[in-house]
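# What the coordinates show
Below are the chains, spelled out letter by letter.
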Amino acid sequence: MSLRFVLDPDLTPELRDRIVSLWTDVSNAGGAVGFVPPVTPDDVRTLADPTFAAVTDGPDRLLLGYADDRLVAALVLTDNRFHLKTHWCVLKRVMVHPDTQGKGHGLALMREAERIGRELGLTALHVTLRDGLGLDRFYRRLGYREIGRLPGALRVAPGDDRDEVLMWLDLTPAGGVGAPD
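These numbers were taken from a predicted model, which means no experiment stands behind them. Residue positions are counted from 1 within each chain, in the order its sequence is given. Only residues with pLDDT of at least 70 are given local features in this predicted model, and only at 80 or more are side-chain atom pairs given and counted; all residues enter the totals for whole chains, interfaces and linings. Each side-chain value is derived from all of the structure's non-hydrogen atoms; neither hydrogens nor water enter the calculation.

## Topic: the sheet that holds strand β1 (residues 4-7)
What counts here: DSSP-based pairing: two strands are paired if at least 2 bridges between them are found. Each helix corresponds to a stretch of at least 4 residues labelled H or I by DSSP, and each strand to a stretch of at least 2 residues labelled E; elements are numbered beginning at the N terminus. Only the stretch in contact is used when a helix axis is fitted, and all axes are lines through C-alpha atoms; the angle between N-to-C directions ranges over 0 to 180 degrees.
Within the open sheet, the seven strands sit side by side as β1-β2-β3-β4-β5-β7-β6. Their pairing is mixed. Strands at the two margins of the open sheet, each flanked by one partner only, are β1 and β6 (145-157). Averaged over all neighbouring strand pairs, the angle between strand axes comes to 25°, with direction disregarded. In the sheet, strand β3 (residues 70-78) pairs with strand β4 (residues 88-96) via five bridges, with the strands oriented antiparallel.

Pasting the structure below:
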């Protein structure tokens, strides 16, 4: 089943609740989207509310993916908030509902983000991930390359510090201007 994408939806209270529910389910299934399980919707709202404000008030963009009418995927195209970095953005809160994984929804979501990035005239997309979950393999298959690590930057539990891995997708033709060395 292919996904239907919506960029910059009207963030009604009902849609906010649906996104928080998705985010909670992804987090509790072990997804690396800002939390370590177990979390409640109230926990997620502490990060969701400022995220929603940055979308409704600008400059961030929200991309949602629907299977029929069910919200199953989401990500935020985050502005760098610095005038020398307007040519690329960071993808945050990349998530696919756990009971729909393995159906190509993550691939479709990331390809749509890439399409939107090109349409917006961006030269690159950047994503960070929590090491130890195999997420780097997924992003590499999409053409992202590791450009750095912050060792032990993410403390997921006492005595369990993980590297934050920085990955980059060059959107310029043939890795032209704007590609990191």
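## Some points on the pattern of salt bridges
Put simply, the rule reads: For this document, the term salt bridge refers to a Lys or Arg side-chain nitrogen within 4 Å of an Asp or Glu carboxyl oxygen. Three labels apply to residues, based on accessible area from a 1.4 Å probe with only protein chains included: buried if under 20% of the type maximum, exposed if over 50%, partly exposed otherwise in between.
This model, assessed by the stated rule, comprises 15 salt bridges. As a salt-bridge pair, R140 and D136 come within 2.8 Å of each other at their nearest N and O atoms. Remark: D136 and R140 occur in helix α4 (residues 135-141); sequence separation between them is four residues, near one turn of the helix. Residue class for R140 comes out partly exposed when judged on its relative accessible area of 40%. Residue D136 is classed as buried on the basis of its relative accessible area, which comes to 15%. When the shortest N-O distance is used, the salt bridge between D161 and R155 registers 2.7 Å. Note on D161: relative accessible area 35%, which makes it partly exposed.

## Quick look at the confidence of the model for the chain
Cut-off, in case you're wondering: Looking at any residue, its pLDDT shows the predictor's confidence there, from 0 to 100. The contact rule is simple, with two residues in contact once any of their heavy atoms fall within 4.5 Å.
For the chain, per-residue confidence averages 95 on the pLDDT scale, and 95% of positions sit at 70 or higher. Low pLDDT, under 50, characterises residues 177-181; the stretch is placed with eight contacts to residues that sit more than four places away or in other chains.

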